[in-house]
Amino acid sequence: MGNTWQVTRFNQSNFRMDKMTDFKNFINGQWVPAQSGKTFENINPADKHDKIGNFAFSGPEDLNAAVNAASNAFNDWKRVPAPKRGDMLRRAGDIFTRRKDELARIMTREMGKPVFETKGDIQEAIDTAYYAAAETRRLFGYNTPSELPDKMNLSFRVPVGICGIITAWNFPVAVPSWKILPALACGNTVIFKPSKEAPHSGVIFAEILEEAGIPAGVFNLLLGKGEIGEQMARHPDVSLIGFTGSTEIGCRLGRICGELNKKVSLEMGGKNPQIVMPDADMDMAIEGVLWGAFGTTGQRCTATSRLIIHADVYEAFLQRLIDRVKKLRLGPGLDETTEVGPVIHEAQLEVVARYVQIATKDGGRLMCGGSRATEGRLADGNFFQPTIIADVECDHHIFQEEIFGPVLAATRANSFEHAIELANNCRYGLSSSIYTANVNQAFAAIRDIEAGITYINAPTIGAEAHMPFGGVKGTGNGHREGGWTVYDIFTEWKTVYVDYSGRLQKAQIDTDRTAIPNR
């Protein structure tokens, strides 16, 4: 293809540790190994020679210990006045702020994305901590008039109980913060199971909450692999599961929780479209798709994975985009000149490569990239060339299926209406974007695109902590994280009727609604 990939020159070995570190679970305020003594290893995706550490491999006995700790702490924690809980969350935000640069580098080393992105990940946790702290003074209920005299109706939020939080590796601090901090604000206790690909970030989270003064047993950390998450969902004393991850695992957890009548919030896959209309600012649209498609190496649930270009500008826009993509700099995320980091692991590299092969078999046209990047030090990591497949049709696998890698499918639209139809021709509905100068088309897109999030003249990524986040169709099960809506996940409503009439009143039975009180 004649690609001229830019390879960053960087001595990754400067960041290797000579001695492996053992990382433990955090249960009932104590750092403890897995009771089995088992551990698992975590490796830098940018450098297979850099082993980050050994992490506790939790089993059922560790889960039971965490559940016992969370259960014992629950009654005292829920009685702490909500604003006092907020004070601890505010301190957590202060600690995240103080440690931001340090933690960003730790996160980059374990999951690969460039430091400027992991700093943004930490900032999201900071913003969420301060927002959650403030919300502890706004956990409003509702008071309404009664249909009967001398009677008061009111309702308020109560915590759910023990919340099991299971998250993915790509935003290993930001996404947990969206769940854990609101759950704590509402008076719940938490057991957090981070991804096996980003366990060190889970350890960071526990360190910060411990320093912030969260009492023993209120927050517990279980390190391990996927089995412990499913065991947590099945545990009878865990009241709620909050999950972010793959559609396959999310649906399995949803079935388990459904059988047990257990509350569950699922944030799963996405196949997000960016529409480019002929009147769009082309420079801005190109910058948008570069960031949306190849930021975090395309490993975001909100990544721009489908580019829908109006036929009038299809070839010209595509060529300009290809020229820019070929100049993206691949390298370890700890190098500040890197724009695109590694794929998370070898198995995912194989998934990405297989999808590229399938795309060309389906009739797509490989425009750039398409293979593993092995130049120089890239050979030590899991690097894949940023890839564009053109002339993709809506029945192609690459148009319909989430890849989670630096691969963009480009499709031609014949009209605005056709572009909307293409955008909606997918089982997912998380994020979406349109670039246009036409205000009428912008608002029609807002109305007609089937997605939980729509951006106008911006890429499909960029969620803010104080706004609802989530999708429709196969993306989730109707809940929204972020903003004020997340508090609906982590609370139940309690309704109270106070009758001070001094006599029995029968709602819906006493039909004389005009009676004078105390007659």
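Computed from a predicted structure; not experimentally measured.

S.K.: How should the pairing of strand S5 (residues 39–43) be read in this particular structure?
M.R.: In regular strands, side chains alternate between the two faces of the sheet. Side chains Phe-40 and Asn-42 of S5 all project onto a buried face; the interleaved residues Thr-39, Glu-41 and Ile-43 project onto a face where none is buried. Sheet analysis places S5 next to strand S6 (residues 51–56), joined by five bridges and oriented antiparallel. Bridge pairing in S6 links Asn-42 to Gly-53.

S.K.: Any chance you could explain the state of the cysteines here in plain terms?
M.R.: Simply put, the disulfide is a covalent bond whose two ends are the sulfur atoms of two cysteines. As enumerated under the stated definition, the model contains zero disulfides in all. In this structure Cys-251 is not part of a disulfide, and its nearest cysteine sulfur, from Cys-257, lies 12 Å away. Not part of a disulfide, Cys-257 finds its nearest cysteine sulfur in Cys-163, a span of 12 Å.

S.K.: Is there a simple way to think about the nonpolar core in this case?
M.R.: The nonpolar side chains of soluble globular proteins are, as a tendency, buried together. Residues Phe-96, Ile-180, Leu-184, Val-190, Leu-209, Phe-219 and Phe-490 are the most contacted members of the largest nonpolar core, which totals 57 residues. Excluding anything up to four places from it in sequence, Val-190 contacts Cys-163, Ile-165, Ile-180, Ala-183, Leu-184, Val-218, Phe-219 and Asn-220. Core analysis: the second largest hydrophobic core is formed by 32 residues, Ala-280, Leu-321, Ala-390 and Tyr-435 among them.

S.K.: Whenever I open this one, the sheet that holds strand S7 (residues 142–145) confuses me. Can you help?
M.R.: To summarise the sheet geometry, strands pair through backbone hydrogen bonds and adopt either a parallel or an antiparallel arrangement. Taken in spatial order, the three strands of this open sheet run S7-S8-S24, and their pairing is antiparallel. Edge positions in the sheet fall to S7 and strand S24 (491–499), since each has one partner strand and no second. Averaged over all neighbouring strand pairs, the angle between strand axes comes to 20°, with direction disregarded. Strand direction decides the pairing type here: strand S8 (residues 151–159) and S24, joined by nine bridges, are antiparallel. Residue Phe-156 lies in a different strand from S24, and its bridge partner there is Lys-494.

S.K.: Before we go on, may I ask you to explain the layout of surface pockets in this structure?
M.R.: In this structure, the second largest pocket spans a volume of roughly 270 Å³. Surrounding the second largest pocket, 17 residues form its lining, Asn-42, Ile-43, Glu-197, Ile-344 and His-345 being those nearest its centre. Counting residues per element, the lining of the second largest pocket draws most heavily on S5, which supplies four residues. Its residues assigned to classes, the lining of the second largest pocket comprises four nonpolar, five polar and eight charged.

S.K.: I'm lost on the side chain of Ser-433 in this one. Help?
M.R.: Within the secondary structure, Ser-433 sits in strand S21 (residues 433–435). A polar side-chain atom of Ser-433 sits 2.5 Å from the main-chain carbonyl oxygen of Ala-458. With sequence-adjacent residues up to four places away left out, Ser-433 is seen in contact with Pro-273, Gln-274, Ile-275, Tyr-455, Ala-458, Pro-459 and Thr-460.

S.K.: What should I look at first to understand the sheet that holds strand S2 (residues 21–23) in this one?
M.R.: The mixed open sheet is built from three strands, whose spatial order is S2-S6-S5. Two strands close off the open sheet at either side, each with one partner strand: S2 and S5. Sheet twist, expressed as the average angle between the axes of neighbouring strands with direction ignored, equals 30°. Against the sheet, helix H6 (residues 199–212) contacts S2, S5 and S6, and its axis sits at roughly 65° relative to S6.

S.K.: Just to check I follow, could you spell out the pattern of salt bridges for this structure?
M.R.: Side chains carrying opposite charge are able to pair once their charged atoms draw close together. A complete count under the given rule lists 24 salt bridges for this structure. Among the salt bridges present, the one from Glu-230 reaches Arg-234, with a minimum N-O distance of 3.6 Å. In this pair, Glu-230 and Arg-234 both sit in helix H7 (residues 226–234), four residues apart, roughly one turn of the helix. Glu-230 sits in the partly exposed class, given a relative accessible area of 24%. Several salt bridges share partner residues, and in doing so they unite Glu-315, Arg-365, Asp-391 and Arg-412 into one network.

S.K.: For this particular structure, what's the right way to read the environment of Val-276?
M.R.: Looking at the element boundaries, Val-276 is found in strand S14 (residues 272–276). Classification of Val-276 by relative accessible area gives buried; the value is 0%. If we skip the residues at most four places from it in the chain, Val-276 touches Met-282, Ala-285, Leu-307, Ile-308, Ile-309, His-310, Phe-317 and Tyr-435.

S.K.: Please explain H7 as it appears in this structure.
M.R.: Because each turn of an α-helix spans 3.6 residues, side chains separated by three or four positions end up pointing in the same direction. Every buried residue belonging to H7 is among Ile-228, Gly-229, Met-232 and Ala-233, and all of these are buried. Axial view of H7: buried residues confined to an arc of 145°, hence all on one face. Close packing links the buried residues of H7 with helix H1 (60–79), strand S9 (162–166), strand S10 (189–193), strand S12 (240–244) and helix H8 (247–259).

What counts, and at which threshold
Residues numbered from 1 in each chain as written. Predicted model: local features only at pLDDT ≥ 70, side-chain atom pairs only at ≥ 80, totals over all residues. Heavy atoms only, no water. Buried < 20%, exposed > 50% of the residue type's maximum accessible area, 1.4 Å probe, protein only. Helix = DSSP H or I, 4+ residues; strand = E, 2+ residues; numbered from the N terminus. Pairing = 2+ DSSP bridges. Disulfide = S-S within 2.5 Å. Core = buried A, V, L, I, M, F, W, Y, C linked by side-chain atoms within 4.5 Å. Contact = heavy atoms within 4.5 Å. Axes fitted to C-alpha atoms, helices over the stretch in contact; angles between N-to-C directions. 1 Å grid on protein atoms, 1.4 Å probe; cavity = no way out; pocket = protein on both sides within 12 Å on 5 of 7 lines; lining within 4 Å. Points joined across faces, edges and corners; volume = space filled by probe spheres on them. Nonpolar A, V, L, I, M, F, W, Y, C, P; charged D, E, K, R; others polar. Polar contact = N/O pair within 3.5 Å; in protein donor to acceptor, adjacent residues only side chain to side chain. Salt bridge = Lys/Arg side-chain N within 4 Å of Asp/Glu carboxyl O. Arc of directions from axis to C-beta.

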